[in-house]
Amino acid sequence: MPGTLILDSEGLSKLYLKDRTVVAFVQAAEKEGIRVATTAMTTLEADYARVHPARIRWVLSRVDVLDVTGKVAKEAAVLLREQYLHGHKYAIDGALAAVARMAVGPVTVLTSDVEDIRLLCGPRIEVIKV
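Residues numbered from 1 in each chain as written. Predicted model: local features only at pLDDT ≥ 70, side-chain atom pairs only at ≥ 80, totals over all residues. Heavy atoms only, no water.

Trainee: Looking at this structure, how should I read the nonpolar core?
Mentor: Across soluble globular proteins, nonpolar side chains show a tendency to be buried alongside one another. Grouped together as the largest cluster of nonpolar side chains are 24 residues, with contacts concentrated most on Ile-6, Ala-100, Val-107, Val-109 and Cys-121. If you list the elements that add at least two residues to this core, you get helix 5 (70-82), helix 6 (88-102), strand 4 (107-111) and helix 7 (114-121). Broken down by element, the residue count for this core peaks at seven residues, all from helix 6. Once residues lying within four places of it in the same chain are set aside, the contact partners of Ile-6 are Ala-37, Leu-96, Val-99, Ala-100, Ala-103, Val-107, Thr-108, Val-109 and Leu-110. Grouped together as the second largest cluster of nonpolar side chains are 17 residues, Leu-12, Val-36, Val-63 and Leu-110 included. (Core = buried A, V, L, I, M, F, W, Y, C linked by side-chain atoms within 4.5 Å. Buried < 20%, exposed > 50% of the residue type's maximum accessible area, 1.4 Å probe, protein only. Helix = DSSP H or I, 4+ residues; strand = E, 2+ residues; numbered from the N terminus. Contact = heavy atoms within 4.5 Å.)

Trainee: Looking at this structure, I do not really get the sheet that holds strand 5 (residues 126-129). What am I missing?
Mentor: Strand pairing in a sheet takes place through backbone hydrogen bonds and is either antiparallel or parallel in direction. With parallel pairing, five strands are arranged side by side in an open sheet as 3-2-1-4-5. In this open sheet, the two strands that pair with only one neighbour each are strand 3 (64-66) and strand 5. Recorded for the sheet is a direction-independent mean angle of 30 degrees between the axes of neighbouring strands. Where strand 2 (residues 35-39) and strand 3 come together, three bridges link them in parallel fashion. Directly across from Thr-39, in strand 3, lies its bridge partner Leu-66. Lying over the sheet, helix 2 (residues 20-32) contacts strand 1 (4-7), strand 2, strand 4 and strand 5, oriented at roughly 155 degrees with respect to strand 1. (Pairing = 2+ DSSP bridges. Axes fitted to C-alpha atoms, helices over the stretch in contact; angles between N-to-C directions.)

Laid out in structure tokens, this is it:
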């Protein structure tokens with residue numbers, strides 16, 4: 001595949017809600033054969049209170065939901081430690097960044113938390129605010 005588009009919780013929430021910008025990113029990625037992914041932990045964090053369960057199932061059937069394995073957790077811990085971040089506030093971002101750094105490039109992350117994600121992902125990953 002020619003790259004990966006990764007959605008954080010805000011990106012996934014906006015995809016659930018059919019946000020035009022996020023839908024356009026995802027459609028363009030699919031058209032180009034770019035993998036669209038998120039982490040299993042991100043699916044727990046995404047806002048789904050106002051979304052019909054069938055819509056959530058449909059969206060997740062079109063997105064690669066990646067497991068947060070022991071390897072991912074170890075890499076996330078290293079990334080967090082390097083940036084002096086810790087605790088539940090950063091755990092899911094750390095896992096997302098670890099997955100992004102392991103993904104087939106080029107990698108783009110759609111996020112509402114540009115500063116933390118950019119810090120954790122490093123310069124080779126494009127981070128776009130949604």
